[in-house]
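# Coordinate inspection notes
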Amino acid sequence: MVNVIIEVSKYLLILLMAIYTYLNFSYFRFHEEGEQNRTCRRQNVAMFLIHFVAYAILFLKSEDERVVLFYLAQVIFLEAYIGLYRLFYRKMSRILVNNMCMLLCVGFIILTRLSFEKAMRQFLIVAVSALVTWIIPFIMDRVWQLSRIPWVYGILGLVLLIVVWIVGNNSFGAQLSIQIAGIAFQPSEFVKLSFVFFVATMFYRSTDFMTIVVTTAMAAAHVLVLVLSKDLGSALIFFVTYLTMLFVATGSWGYLITGMMGGCGASVVAYALFSHVRTRVAAWSNPWQDIDNRGYQITQSLFAMGTGGWFGMGLYQGMPYKIPVVEKDFVFAAISEELGGIFAVCVLLICLGCFLQFMMIAAKMQSVFYKLIAFGLGIVYVTQVFLTVGGVTKFIPSTGLTLPLVSYGGSSILSTFILFGVIQGLYILKRNDEEDYEETKA
Amino acid sequence: MKKQKPNPKSNKNILVITYALVGLFVCMLGYFGYFLQVQSENIINNSYNARLDSFSDRIVRGELLSRDGQVLARTEVAEDGTEVRRYPYDALFAHVVGYSDHGKVGLESLANFYLLSSHVNLVEKTVNELSDEKNLGDNVITTLDVGLQQVASDALGDRKGAVVVMEPDTGKILAMVSKPGYNPNTLGADWDSLISGDNTQAQLLNRATQGLYPPGSTFKIVTILEYMREHPDTWRDFTFDCDGQYEYEDYTISCYHGNAHGHQTLEQAFANSCNGAFSSLGLELNLGSMRTLTNQLLFNAQLPTALAYSKSSFVMGSDASAWEILQTSIGQGSTQMTPLHSCLVASAIANGGVLMKPYLIDHVETVAGEEIKKFLPESYGPLMNATEASQLSELMRLVVTDGTGSAVRTDAYTVAGKTGSAEFETGKETHAWFTGFAPAENPQLAVTVLVEEGGSGGQAAAPIARSIFDTWFSR
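Residue numbering note: each chain is counted from 1, following its sequence as written. Key to labels: chains lettered from A, ligands numbered from 1, both in the order written. The model is predicted, so local features are restricted to residues of pLDDT at least 70 and side-chain atom pairs to those at 80 or more, both for listing and for counting; the totals for chains, interfaces and linings are taken over all residues. Excluded from the side-chain calculation are hydrogens and water; included are all heavy atoms of the structure.

### Let's talk about a nonpolar patch on the surface
Residues and elements named next belong to chain A.
- Nonpolar side chains (Val, Leu, Ile, Met, Phe, Trp, Tyr) are joined into patches within 5 Å and like charges within 9 Å, using only residues with over 30% relative accessible area and no salt bridge. Each accessible area is a Shrake-Rupley result for a 1.4 Å probe, and residues are judged covered by the shown protein chains and nothing else. Take a side-chain nitrogen of Lys or Arg and a carboxyl oxygen of Asp or Glu: if they are within 4 Å of each other, that pair is a salt bridge. A surface patch of nonpolar side chains, about 860 Å² in accessible area, is lined by W151, I155, V159, I162, V163, W165, I166, V167, L224 and L228.
- A run of DSSP states H or I qualifies as a helix once it reaches four residues; a run of E qualifies as a strand once it reaches two. Both are numbered from the N-terminal end. Where the nonpolar patch is concerned, the elements lending two or more residues are helix 7 (150-167) and helix 9 (209-228).
- Among the elements that take part in the nonpolar patch, helix 7 stands out by supplying eight residues, more than any other.
- Positionally, L228 belongs in helix 9.

### Focus: the domain arrangement of chain A
All names here are of chain A.
- Domains assigned within chain A are domain 1 (2-140 + 279-441) and domain 2 (146-273).
- Each of domain 1 and domain 2 has a C-alpha centre, and these two points are 25 Å apart.
- Contact between two residues is taken to exist if any of their heavy atoms lie within 4.5 Å; hydrogens are not considered. Contact residues are listed per partner, giving 26 residues for domain 1 and 28 residues for domain 2.
- In this assembly, domain 1 and domain 2 are joined by zero salt bridges.
- Polar contacts, as used here, are pairs of N or O atoms within 3.5 Å; protein pairs need one atom able to donate a hydrogen and one able to accept it. Residues neighboring in sequence count only if both atoms are side-chain atoms. Summed over the shared surface of domain 1 and domain 2, the number is three residue pairs in polar contact (both at pLDDT 80 or more).
- At the level of secondary structure, the elements contributing two or more residues to the side of domain 1 that touches domain 2 comprise helix 12 (275-285), helix 16 (368-392) and helix 17 (410-441). Domain start and stop points were drawn from an automatic or database domain assignment.

### Notes on the interface of chain B and chain A
- On the chain A side, the residues contacting the 39 residues of chain B number 61 residues.
- Buried area, as used here, totals the accessible surface that two parts lose on assembly, with accessibility defined by a 1.4 Å probe and the loss added over both. Both faces combined, the contact of chain B with chain A buries some 4,500 Å², and carbon together with sulfur accounts for 73% of it.
- The largest contributions to the chain B side of the interface with chain A come from F25(B), Y48(B) and R51(B), which together make up 17% of the buried area.
- Where chain B packs against chain A, one counts two salt bridges.
- Of the charged contacts, one joins E337(A) and R51(B) as a salt bridge, the two residues approaching to 2.8 Å between their closest N and O atoms.
- Linking chain B with chain A are 11 residue pairs in polar contact (both at pLDDT 80 or more), by the criterion used here.
- Within the residue set of the side of chain B that touches chain A, elements represented by two or more residues are helix 1 (10-44), helix 2 (51-55) and helix 6 (122-130) of chain B.
- The element contributing the most residues to the side of chain B that touches chain A is helix 1 of chain B, with 23 residues.
- Partitioned by chemical class, the residues of the side of chain B that touches chain A number 22 nonpolar, 12 polar and five charged. Residues were grouped as follows: Ala, Val, Leu, Ile, Met, Phe, Trp, Tyr, Cys and Pro as nonpolar; Asp, Glu, Lys and Arg as charged; and all remaining residues, including Gly, as polar.

### What about helix 7 (residues 146-156) of chain B?
Residues and elements named next belong to chain B.
- Relative accessibility thresholds used throughout: buried, under 20% of the residue-type maximum; exposed, over 50%; partly exposed, between the two (1.4 Å probe, protein chains only). Turning to helix 7, its buried residues number three or more, namely V146, L148, Q149, V151, A152, S153 and L156.
- Taken together, the buried residues of helix 7 touch strand 3 (71-77), helix 3 (94-97), strand 7 (161-166), strand 8 (173-179), strand 19 (445-451) and helix 17 (457-473).
- At the N-terminal boundary of helix 7, the capping side chain belongs to D145, with an oxygen 3.0 Å from the backbone nitrogen of G147.
- Note on helix 7: the residue one or two positions beyond its end, G157, has a positive phi of about 60 degrees.

### Focus on the pattern of salt bridges
- Counted under the stated rule, the structure contains 29 salt bridges over all chains.
- With its nearest N and O atoms 3.2 Å apart, the salt bridge here joins D290(A) to R294(A).
- Assessed through its relative accessible area of 23%, D290(A) is described here as partly exposed.
- With its nearest N and O atoms 3.9 Å apart, the salt bridge here joins E167(B) to R67(B). A residue pair is termed long-range when its members are at least 10 positions apart, and E167(B) in the loop between strand 7 and strand 8 and R67(B) in the loop between strand 2 (64-65) and strand 3 qualify at 100 residues.
- You can call E167(B) buried: its relative accessible area is 12%.
- Classification of R67(B) as partly exposed rests on a relative accessible area of 37%.

Quick look at the structure:
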C-alpha cells in the first residue's frame, strides 16, 4: 500500500515542481505588480504542497515522529521567512525569496531522507543564516563606504585563502577548511563574495590600464592559491567571474578573448604540472576503467541517475547512499535518482531563473559599482551551479563543489544567504530610487 | 574619488554573457536528457550497480527464450512466495545463458536489467501493488537456436572444447557450446566443488569466449593475408618443395605427422596446411606490418561483445628471432586466440571483410508478448577489404575441395574453411580446430570448433562443423 502511495506521490511531486518552475519563468512575462504577486502566491502554494507531500512520504517510510515535528518547524520557519521579509522590506523581490525557499525545501527533503541528523543540522544553520543575513539589505541602504575599501576585500580574501592553503584540513585530497572553535569553516565560500566586491570597487574607481593590471594580478593570485590548495572548482569560479566582470567593466572583447585563451593555456599547464588535475580528468574521461577507485563516485552517480530515469524511483526506493559525499557535491544525483530526472531538471531551471533575475537586476542598476556587484555575484552563483551539476552528470570533470542552498554544508549555506541578501539589497535600492524619481516627477 | 567613464555598452555585454551561460546550461540539459533517454540503459546494467538487485524485491525475474520461443530460463514462484530459477535444458546452455544466483554471468548478466524491468500495463501494476503481488518482469528473446546448440553439444560429446555458430551477415550468435559444462539447476549444491582448488576441469569457464588456445594452422589465414598484402600481384607465384621437414639454420619445422607434400603452390600449401611452406614464407614477411595486420584482426584488442571474454594475444615484434618467426607463422609459439575471436574472423571473411557485431539478445517483450525493444544488426567495420575477403574465401574453399577439410566436403552445400592442429605440450595430442562458413558463395553460417587434445583438426573438429551444417541446410 505504501508503495502505491509513493508511486502516485512521485508523479504528484513532479507535477507540482513543474508548475512551480513554469510560474518561475512566466513571472518574466508580467510587468504589473498585481500579476507578479499572484504568480508568487501560486508558487508558495505549490512549494508548500511539495513540502507536505514529500514529508508525508518521509514520515510513512521512516515512521519516526521526529519527522513530523521537524516538518512543522520547517513550515513555521518558511512562513516566517517569507512573511517577515516582506513585512520588513516592502520592496524586496518576492520571487527570489520564493526560489531560495524552494531550493531549501528540496535540500531539506533529500537530506532528511539521507540522514535525519544532518538535515537537523542543516536546518539549524539555515535558521541562523537567515537571521544573520536579515540585516544585509538594511545595511546596504545606509552604508555608502562599501565602495571605498577595495584593498580590505582583496587582501583579507587572499590572506584567508593562503591560511587555508597552509594550515587547512585535508578533505578528499583538497585543503578546503579550517577549524575555528570546533566548527569547520570553508573560507573560499566567503572569499568568493569579497572577491566580487574587490573587483567591483577597483573597476568602479577606474578602468585605466594600471588598475586593470593590478586587479588582474590580485585575481591571478587568488586563483593560484586555490589551485595549489587543490580547490579546482573555486579556482575556476574566480577565473570566470573575474574575466566576465572585466569584460562588462571595460566592454573590451580583446580582454575577454585574451583571457579565455590564457585560461585554456593555464589549464594545459595545470594538467601537465599537477597530478590531482590529471586524476580528475582521467576519472571523467573513462571512469569505467577504474571503477573501484577513482571512477567509483561518478559511476555510482550515473547508476543513480540512470536507474532513477525521468520519473525517479520514489523517496526511499533508491540507493543514493551508495554515492560517496552524496549529501554535499552529489546531492543532484540523489534528487534525480529518487525524485526523478524531470524534478532535477526543474531544480536546475530554478537555479537558472535566479541567475536571470540577478542579471536583470544588474542591467537595471545605474551605478557601475552596484551593477558590477550584481553581475559578479550572479556569475559566481551560476558558475557554481554549472560546475556542480556538470560534474555530477559527467558533462565536465567533477570539481567538488556544492549545489547552493540544496547541498549540506554550513559555509555554503551562509555564503549563499549573504549573496542573495546583497542582491535583495540592490533590488530594494533600485526600487527606492525609482520611487523617488516617480515622486519628483509628480 | 575619480569619477570614471562607465562602459556605455555594459548592459549589452551583460546580455552577451547571459546568453553564453544560458547556452551552456542548455547544452548541459541536453546532455543530461540524452544520458537519461539513450545512454542510461547500457550504463546501469553493470555489476557495480547494486540498485538492480533491489528490483527483484518487486519484480519476478523474466524468462530467457530461444529464438523460436523455447524457455531457456524461467523463475518459478512457489505458493509461499519463494522463487527458484529453472533451466529446462540443464547443462545444454550452461555457459551462454549463465546463472543469476552466484553472481551473474552470461545472458543472465547481459539481460539483467530487462529481466528485472516490468512493462505490464498500469492497471495490472496497480492491482499487483495493492494486493502486494510482484509484477512479472519482461521476457528476453535470444538469438540462440535450440536445434543447433543440441547438435553442436552432441557432436562434441564428452570431449573438452567449444563451438561457436553465428550468422556472418547479422552477427546473431545461434549457438555457443563449452565443455565440460555444469548443470545450472544444481549449481547451489555443486558450487563448492566447482570452485574448489582441486578441480582441474574448469567447468565454469566459458571456453568459447574465455579459453585461450594456440590457433595452430588456422592462423595461416593471417600469415597468407599478410603475404598477399606484401605481394599483391605475385603471391600466386610462390612455390615450395616439401619433404616433410623444413630446416632453417639449426631449426626444423615438421609437417603434420611428417607428411611430405612435395611441390606446392601457395594455394596447395594452404589447402594441405604445409608447415614448411608457411614457415619459410614467414621469414620473408615484414614483421612490423604483420603486427599491424594482427591488430586490425582484433588480436590484443577489445572484442565487440558484452560477454566476459579473454583478449587474444599476438606478441611477435620486429625484433623476433628466426625460431619465433618460424613458429608464429604456423600458429604455434606464443600466439593465443579464443574460439569466439576465430569465429569473428571467419565471419568477416564470409561477409566481404566487414565484421558484424556479435549479439545474443534479439528483442525484449512483456509477459503479454508486446515488443519493448528490438536489437538490430550493427556493423563493427571492415577487418580487411572485400577483395582480400573474397581471395581468402577462395583459398578456404580449396581447403575443403582439395585439402585437409575433406570432412565437410559434400554436394549438398559448399563449405569454405581452415583446419588446425595446434601443439601445446610435448607428448599430448594437438588441439583440433576448424573455422569456416557455408555456403561459400553466399554464407549463412560461420562455425568455429575447438576440441581440446582432439588430434587433427580435419578429423576431430571438421566433422562437428559438418553435423552443424547438415542440420542447418536440411531445414
